[in-house]
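Geometric and topological summary
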Amino acid sequence: MVWVGTNAVKVGRVLVGETDPLDSTPGSIRGDFCLEKGRNMIHASDAVDSAEKEVALWFNESELCCFERSDDK
């Protein structure tokens, strides 16, 4: 999944949780479902630059869609 928007990387990291599940808050994906640092069940980019590279690794341009937010009009 690719998320876009204001602070998408930062907000995504909060939702996913810290790399070490023991440091993740309850309610985050890693905080609730991960047991070991080396066996994370989810990945989230740590910066916009790395996100752009990682998106290119896993998705074709045709798999990404552009949209116009209704509140931007």
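Residues numbered from 1 in each chain as written. Predicted model: local features only at pLDDT ≥ 70, side-chain atom pairs only at ≥ 80, totals over all residues. Heavy atoms only, no water.

A word on the state of the cysteines
Our working rule: Two cysteine sulfur atoms make up a disulfide if the distance between them is within 2.5 Å. Burial classes: relative accessible area under 20% of the type maximum marks a residue as buried, over 50% as exposed, and values in between as partly exposed (1.4 Å probe, protein chains only).
Scanning all chains against the criterion turns up zero disulfides. Distance from the sulfur of cysteine 65, which forms no disulfide, to the nearest cysteine sulfur (cysteine 66) is 7.2 Å. Under the relative-accessibility criterion, cysteine 65 is labelled exposed at 66%.

Side note on the side chain of serine 24
Threshold: A run of DSSP states H or I qualifies as a helix once it reaches four residues; a run of E qualifies as a strand once it reaches two. Both are numbered from the N-terminal end. Identification of polar contacts relies on pairs of N or O atoms within 3.5 Å, with a donor-acceptor requirement for protein atoms, meaning one able to donate a hydrogen and the other able to accept it, and with residues adjacent in sequence counted only if both atoms are side-chain atoms. Whether two residues touch is decided by their heavy atoms; if any such pair falls within 4.5 Å, the residues are in contact.
Here serine 24 shows up in the loop between helix H1 (8–16) and helix H2 (29–33). A polar atom in the side chain of serine 24 sits 2.8 Å from the backbone nitrogen of glutamate 18. Those residues in contact with serine 24, other than ones at most four positions away along the chain, are Gly17, Glu18, Arg30 and Gly31.

Here we look at the environment of glycine 38
Turning to its location among the elements, glycine 38 is positioned in the loop between H2 and helix H3 (48–58). In the structure, glycine 38 is positioned 35 residues away from tryptophan 3 in sequence and 24 Å away in space, judged by C-alpha atoms.

Considerations on the side chain of serine 28
You can see serine 28 is positioned in the loop between H1 and H2. Judged by relative accessible area, which is 3%, serine 28 ranks as buried. In terms of polar contacts, serine 28 uses its side chain to reach the backbone carbonyl oxygen of threonine 25, at 2.7 Å. Serine 28 has contacts with Val14, Leu15, Val16 and Gly17, leaving out every residue within four places of it along the chain.

Remarks on H1
We apply this condition: Think of the arc as the fan of directions from the helix axis to the C-beta atoms.
Turning to H1, its buried residues are Ala8, Gly12 and Val16. The buried residues of H1 occupy one face: seen down the axis, they fall within an arc of 60 degrees. Across H1 from its buried face, at more than 90 degrees, point the exposed residues Lys10, Val11 and Val14. Elements in contact with the buried residues of H1: H2. Positioned one or two residues after H1, glycine 17 has a phi angle of 105 degrees, which is positive.

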